[in-house]
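Read off the chains here:
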Amino acid sequence: MVTNTHKRVLARFFLVIFFSSIFIGLFSSFAFSEGIVVPQVKDKVFVYDMENVIDSQTEDNLNSLIRYLEEKTTIEFAVITTSSFNNKTIEDYAHDLFNKLGIGKSGKDNGILYLVSANEGHARLEIGYGLESVLTDGICGQILDKYYVPNRDSKKTLESITETVNGVLAILGDQYKVDIVKNQESIVKSVKEEKSINIWIIILILVICVIVFALEEGSGSSSSSSSGGFFSSSSSGGGFGGGSSGGGGASR
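No experiment lies behind these values; they were computed from the predicted model shown.

Participant: Please clarify how the overall build of the protein should be interpreted in this entry.
Facilitator: Scanning the protein for helices and strands turns up six helices and seven strands. The secondary structure elements of the protein, listed N-terminal to C-terminal, are α-β-β-β-α-β-α-β-β-α-α-α-β. Counting every position in the protein, which comprises 252 residues, the buried fraction comes to 36%.

In structure tokens:
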């Protein structure tokens, strides 16, 4: 028999678990592995600013554009900043990080990593096997020379990131007939509207759960509760698709 006291205890237990998971998520955003800092990846998130050089609005916009790219082409494009390469060359660091995260779809190896360190003063485009014919070493070097290097030398860190990303998106847009750069304003707006709808759906589900729980507690029902429900469901985990890189790309 489940009493009101039992229900209150269970409610407190679930609340502790819920807020503990939020705390862990906030303070475990990255981990160290084999001398590299690996961000804790999330579903449909492609920008991981561990150096804190990208403002939140720009980060949201970049995520929206790259998410649209992934939806239209299945290409996974990760943008990661870090304050140090931990005594590794940028080539080794990027290669290890790329393969640790598994950027790109398994079997297609269609991933891209844009690794930037304002502190180190270097950046690299690391390309998965499946995109090496599109983003050749030469093309990657040209993109970095045109967009990254001038902005880096002018201490314009944010521009060095956004303009390089747009340079890569322009090449991919031409190849896959998806004009992301030209239509980026409408793409960002569309993705944000979709996210807003999803947030309201989550809020609605939470409100319904609270109301149902309150009604059950108020009724003093003696029936046992089911073991399933919102709090017992596991998260999707997110992450990349299991792609790999052989070291193609360019550094500056």
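Participant: Explanation requested: the packing of aromatic side chains in the structure shown.
Facilitator: In this description, a pair of aromatic rings is defined by centroid distance and the angle of the planes. For the structure on display, the rule yields two aromatic pairs. Measuring from ring centre to ring centre gives 6.3 Å for Phe46 and Phe240, while their planes differ by 55 degrees; the resulting arrangement is tilted. Residue Phe46 is located in the loop between strand E2 (36-39) and strand E3 (47-49), and its partner Phe240 is located in the loop between helix H6 (184-219) and strand E7 (245-251); the two are separated by 194 residues in the primary sequence. Overall, Phe46 belongs to the buried group, its relative accessible area being 4%. By relative accessible area, Phe240 is classed as buried at 14%. Look at Phe85 and Tyr93: their rings are 5.5 Å apart centre to centre, the planes differ by 55 degrees, and that puts the pair in the tilted class.

Participant: What should I look at first to understand the pattern of salt bridges in this one?
Facilitator: Any two side chains of opposite charge can pair, given that their charged atoms come close. This structure, assessed with the given rule, holds eight salt bridges. A salt bridge links Glu70 to Lys44; the shortest N-O distance between them is 3.0 Å. With Glu70 in helix H2 (residues 56-73) and Lys44 in the loop between E2 and E3, this pair connects stretches of sequence that are 26 residues apart. Judged by relative accessible area, which is 12%, Glu70 ranks as buried. One salt bridge connects Glu70 with Lys105, and the closest N-O pair in it is separated by 2.9 Å. Taken together, the residues span a long stretch of sequence, with Glu70 in helix H2 and Lys105 in the loop between helix H3 (90-101) and strand E5 (111-117) at a distance of 35 residues.

Participant: When you look at the sheet that holds E5 in this model, what are you seeing that I'm missing?
Facilitator: Note on sheets: strands pair through backbone hydrogen bonds, and any given pair is parallel or antiparallel. Taken together, the five strands give an open sheet; going across it, the order is E3-E4-E5-E6-E7, and neighbouring strands pair in mixed fashion. Of all the strands in the sheet, just E3 and E7 have a single pairing partner and so form its edges. The average undirected angle you get between the axes of adjacent strands in this sheet is 15 degrees.

Participant: Looking at this structure, how should I read the nonpolar core?
Facilitator: In a soluble, globular protein the nonpolar side chains are often hidden away together inside. In this structure, Phe77, Ile112 and Tyr114 are the most contacted members of the largest nonpolar core, which totals 50 residues. The residues contacting Phe77, other than those within four sequence positions of it, are Phe46, Ile66, Leu69, Ile112, Tyr114, Val165, Val168 and Leu169.

Participant: Hey, could you run me through the pairing of E7 in this one?
Facilitator: Sheet faces and side chains relate simply in a regular strand, where the side chains alternate between the two faces. Counting buried positions along E7 yields five of seven residues, so the element is predominantly enclosed. One ladder, built from five bridges, connects strand E6 (residues 122-128) with E7; its direction is antiparallel. Looking across to E7, one finds that Ile127 is bridged to Gly248.

What counts as what
Residues numbered from 1 in each chain as written. Predicted model: local features only at pLDDT ≥ 70, side-chain atom pairs only at ≥ 80, totals over all residues. Heavy atoms only, no water. Helix = DSSP H or I, 4+ residues; strand = E, 2+ residues; numbered from the N terminus. Buried < 20%, exposed > 50% of the residue type's maximum accessible area, 1.4 Å probe, protein only. Phe/Tyr/Trp six-rings, centres within 6.5 Å; stacked < 30°, edge-to-face > 60°. Salt bridge = Lys/Arg side-chain N within 4 Å of Asp/Glu carboxyl O. Pairing = 2+ DSSP bridges. Axes fitted to C-alpha atoms, helices over the stretch in contact; angles between N-to-C directions. Core = buried A, V, L, I, M, F, W, Y, C linked by side-chain atoms within 4.5 Å. Contact = heavy atoms within 4.5 Å.

From the geometry alone we can't say anything about function, so treat these as descriptive.
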